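Coordinate inspection notes
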Amino acid sequence: MGDVISTHLDENRRQFITERTGKILDEFFQFYEEQYPLALFNKIRYEVEENGGPQPQLLQRKAPLKDRVIFSGNLYQYMEVNRKWKNRYFVVRDDYDVAFYDGKMAYDRGASPKGVINCAGYKVLKSMDRYLELINNSMPGIKGKASNSPFLKWPTEYRTILWHPYEQHYYFCVISEKEQQKWHAVFQDCVRHLNNGLPEDCKVETPAFTDAVRLYRQSKDQYGTWDMLCGNQAQIISNLVMEELLPELGTAIQPKLKGKFHDRQRAWILITEAVHKMVLAQTKARYEAVLRKCEEARPGLESRIRPDMDQIISSKEHVGNKIRVYVMPKAEACVRNQVQPYISSILDALMGPTSRGFAEVRDLFFKEIVEMNKNVLNEGGQHKLGEYMEKLSVLPYHPVKMQSCYEHLEQLQPQLEGLQQRFDLSSPAVFVQRGQILMRELLDNAVYTFEQLLHQDLGHSPDKEQLCKTIQRIQDRVLKKYDYDSSTVRKKFFREALLQITIPYMLKKLSSSVNTALPKFQEYIFEDFSKFILVDNIFEEVVLQSVSKDIMLAVKEAAVQRKHNLFRDSIVLSNSDPNLLLLEEQPINWNNEFGSQESGSPADASDKRKRMKQVVSMIQDDGVSHPEEVEVMDDLKEVSDEEQVTNDDSESCSPVKSPDSVKEIRDLLTIAKIETTQVPAPTESSLSNGVVCKNANVAERNPSEEISPKLLQEQQQATVQSSGGESGLQSSPEKTEAGCSSTVGCPEKALHEEKESLPGKVTLCQEDSNDKETGEEISSKITEAAEDSHEAHKVQETESES
C-alpha cells in the first residue's frame, strides 16, 4: 500500500496540497484575527457588568479524573501491514486517549505505547453494513460492482469499528458479546468526551475560534451545526480544509485507482489518511503562529479597551439601533411565519428524552447510595466506607453504568431527524452528545457534593447505625439540590438547542436580502473602534433578539405547566445553603482515611490501591487463552481452545487471565480430586469427645488415623449390639458398614484405592484441637459410647413395661 501512496501523491500533488491548504488557512485566519479583539472586548465587558444567572446548588469538582485509568483490557486489532489480527493491551487514561501496547507486561514496565488513538470525530460501529455505507458515501468517485469476497475477514462476529472521514480506520474484535458491549461503551465515551468542544475557561480564544469557524462556513453558504467541530483547534481547522480539499483530490485521483472494488476503497482510505497528516501538520504550525501573534497584540488591545469602554459601548448601541431598524421587520416576519409555529413541537421533542435521561441519572445515584448504605451496615461501618466511596467517586465516568442513561438521549436523534428538511439541520448528533455531557457533569457534581458533606460529618466518628442515618440524610439533601440544578441545566439546554436550530435557518433566509446592505453601516463606526465593533456580529445579535423572546416564553410555559419536573423561573435558590460553600474543596483520599484496617502485606495494599485508581475493571476471560497473533479464520474460539501462545517477541506477553479461572484452579491444586459423600448430621447420642466429621481430600494417610482390623471388628460388634432396640442409635449392620467407609475409613479399601491411583469416597474423622488421638483411644471411646447407649436403652424398656 506504500506504493499506492507514493504513486498518487507524487511531488507535484503534494505541492498542490500544500498550496491549496495555505489558501484555505489564509481565508480562515482572516476571520479569526477579526474575531479575537471582539472576543477580548466582550470578556472585559462581562467582567465589569457581571450579569450572572441562578447559582448552582451543587459543588463542582476541579480535577475529576486526575491520575486515573478509565479502562484497560485486551483486544484483537487488525494490522493493515501484514493483514493479521494481533492481541493488544489497551489503556484509556484520564485524557480519553486510547493507548495500546504489545501486552500488559510492556505496560507495567513503562514501555512506550505502540500507538495512541485520538477518538475525536470518530464513529463507533458494530455493523459492517453501516461501515460500508459510510465508505461508499465518502468516495462517490469509486464505482464498481462489489465482489463476493468481504471487505475484511473477521475471526468472530463481535466486532467494533472506529470510522473517521479523514483519519485511519481501526478494526477490533473480541470473543464474547459482553466484551463487545463494554468496549463499545468505552469507545463511545472517548468520542463523546473529545467531541465536547473547546474548553470554556478560555474566555477569549474559544469564542474567537468558534465564531471564526461559524462565519467561515457561512461564507461558504454552510449554516447550522457541524458534526466535525470536535477535537482541538488544529483538528477542527484541518477538518475544514479536508472538507474542501478532499473532493478536489477525489476528482483527480479516484478514476486512476486500479484493482478490485475493495482494493480501490482501501487505497483511497490510505491516501486520505496520508493527505490528512500533511494538512494537520501544516495547520498546527500555522495556528500556533497566528495565536502567538494575537497574544502579543493583546496587551495593546486591552490598553485601548479599558479607557474607552463606555464610548465603545455607546458606539455599538448606535450602530445596532440603525441595523435593528433595517433588519428587525424582516426578522420578525420570518419568525412569525416560519419559526414560531414549530417551536413547541421542537421543544416537546427535546424535553422527553432529555428529562428521562436526567431522571435515570438521579435513579442511578440513588441506587448506588442505597447499595453502599446496605453494605456499610452489613460489613463493618467506616472500615468499608473508604472502598465504597472510591467506587462512588468515579461513578459519573463509568461508561458501562452510565450507558443506560446515555441511551435515553440517543432517542433525540430520530426525533430531530424530521427537522433536517424543515430547518436544514445537518447533525442532530451534536445535541445528543451535548446532553450526555451535561448529564455526566451534573452527576459528578452530585457525587462530589455528597463526598464533601459526608466527609464533614464523619469527623464525629459515628457508630454503624448513626453512620447509615447520616448517609441517608445527606443523600436526601443532595437529591434536592440535584433536582434544582437539573431543572436549571435542562432549561438552558433547551434554549440553546432551539437557538442552534432556528438561528442558522433565519440567517440563511435573511442573508440574501440583507448582506448587500450591511456594508453601508460600517461608516457609522469610528476607525479607532472598528476592531471591537463588527457589523456581521451585530446583525446576528439582532436576529437572536427577534427569536429569543418566543423561545424563552415557550420554555417558561413548559416550566409553569410542570412538564418533566421543571422548576419555574421564579424559584431561585441563590444562597439557600451558604455553609456548603465553606467546605474545603480538596480531593479526599477515602482509602487512606477510612480504608479497611484488616491486616495485610504492604504489597497487597499497594495492589489494592492501584486497582482502585481504575474506574472500570479490566475485561478478563475465564479459562480462555488468547493467541498473541492469529491468521484470519472463521472462528477465533477454535484457536483459543488449542491454546496457541507465541513467545517470539520479548516484549509481548500473554493476556491476563482471571485468577479464578478453572484452569488456574486446577493447576494450583496439589491434591487429587476425591469425590465426597454427604454425611448425615449427628444426633444427640453421637460422639461427644470433641471429634468432628469432615469431608477431606487426602493425599497421604496419617499413621495416627489408621485403625487396625481388630479394632474395627470390635467397633462393628459393639454397634450391632446397640442396634436391637426401637430407639437410641438404631443402626443396622449395613449402615454400620457404610459408616465404616464414610465415618472412620476402611484401611483395606483405602490402600487398594491408593495402589490403583483412583479417587475414592473417603471421609476422615478429625478433631478440632491440635492434639491427635491414637486409634486405641478412639476405639475405646466409641465402645464406651455404644455401651452407654445400650444401657440407656434397657432402662427405657424397663420404664415402658412398668
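How each quantity is defined
Here, residues in each chain are numbered from 1, in the same order as that chain's written sequence. Where totals are concerned, whole chains, interfaces and linings use all residues; where local detail is concerned, this predicted model gives features only for residues with pLDDT of at least 70, and gives and counts side-chain atom pairs only at 80 or more. In computing side-chain properties, one takes all heavy atoms of the structure into account and sets aside hydrogens as well as water. Three exposure classes are used, based on accessible area relative to the maximum for each residue type with a 1.4 Å probe and protein chains only: buried under 20%, partly exposed in between, and exposed over 50%. Secondary structure elements follow DSSP: runs of H or I no shorter than four residues count as helices, runs of E no shorter than two count as strands, and numbering proceeds from the N terminus. In this analysis, strands are considered paired if DSSP registers two or more bridges between them. What qualifies as a polar contact is a pair of N or O atoms within 3.5 Å, subject to a donor-acceptor requirement within protein and to the restriction that residues adjacent in sequence count only when both atoms come from side chains. Any two residues having at least one pair of non-hydrogen atoms within 4.5 Å are treated as being in contact. For this analysis, a salt bridge means a side-chain nitrogen from Lys or Arg found within 4 Å of a carboxyl oxygen belonging to Asp or Glu. A score between 0 and 100, pLDDT records how confident the predictor is in each residue.

1. Some thoughts on the pairing of strand E7 (residues 170–174)
When a strand is regular, its side chains alternate between the sheet's two faces. Among the five residues that make up E7, five are buried, leaving the element largely enclosed by the rest of the structure. Both faces of E7 are covered, namely the face carrying Tyr170, Phe172 and Val174 and the face carrying Tyr171 and Cys173. Of the strand pairs in this sheet, strand E1 (residues 69–79) and E7 are connected by two bridges, and their pairing is antiparallel. Along E7, the bridge assignment pairs Gln77 with Phe172. Across five bridges, strand E6 (residues 158–163) lies against E7 in antiparallel orientation. Note that in E7 the partner of Thr160 across the bridge is Phe172.

2. Details of the side chain of Gln235
Position of Gln235 among the secondary structure elements: in helix H7 (residues 233–253). Within the local environment of Gln235, its side chain forms a polar contact with the side chain of Asn118, the two groups lying 3.3 Å apart. If near-sequence neighbours (up to four positions away) are discounted, Gln235 is found in contact with Asn118, Ala120, Glu167, Cys230 and Leu280.

3. Remarks on the pattern of salt bridges
Considering all chains together, one arrives at 26 salt bridges under this definition. A salt bridge links Glu248 to Arg20; its shortest N-O distance comes to 3.3 Å. Note that Glu248 is positioned in helix H7 and Arg20 in helix H2 (residues 11–49), a separation of 228 residues in sequence. The partner of Arg61 in a salt bridge is Glu451, with the nearest N and O atoms 3.0 Å apart. Linking Arg61 in the loop between H2 and E1 with Glu451 in helix H14 (residues 429–457), this pair joins segments that are 390 residues apart in sequence. Just as Arg61 is buried, Glu451 falls in that class too. Look at the salt bridges and you will find they share partners, linking Arg20, Glu244 and Glu248 into a network.

4. Let's talk about the confidence of the model for the chain
It should be kept in mind that the predicted coordinates are not to be read in detail where pLDDT is low. Of the residues in the chain, 67% reach a pLDDT of 70 or more, and the chain-wide mean stands at 76. Predicted confidence for residues 633–712 stays below pLDDT 50, and this span has 128 contacts to residues more than four positions away or in other chains. In this model, residues 718–776 is a region of pLDDT below 50 whose contacts with residues beyond four sequence positions or in other chains number 89 contacts.

5. Focus on helix H11 (residues 403–410)
Gln403, Cys405, Tyr406, His408 and Leu409 are the residues of H11 that are buried. On the buried face of H11, the contacting elements are helix H5 (177–194), helix H9 (309–379), helix H12 (412–416) and H14.

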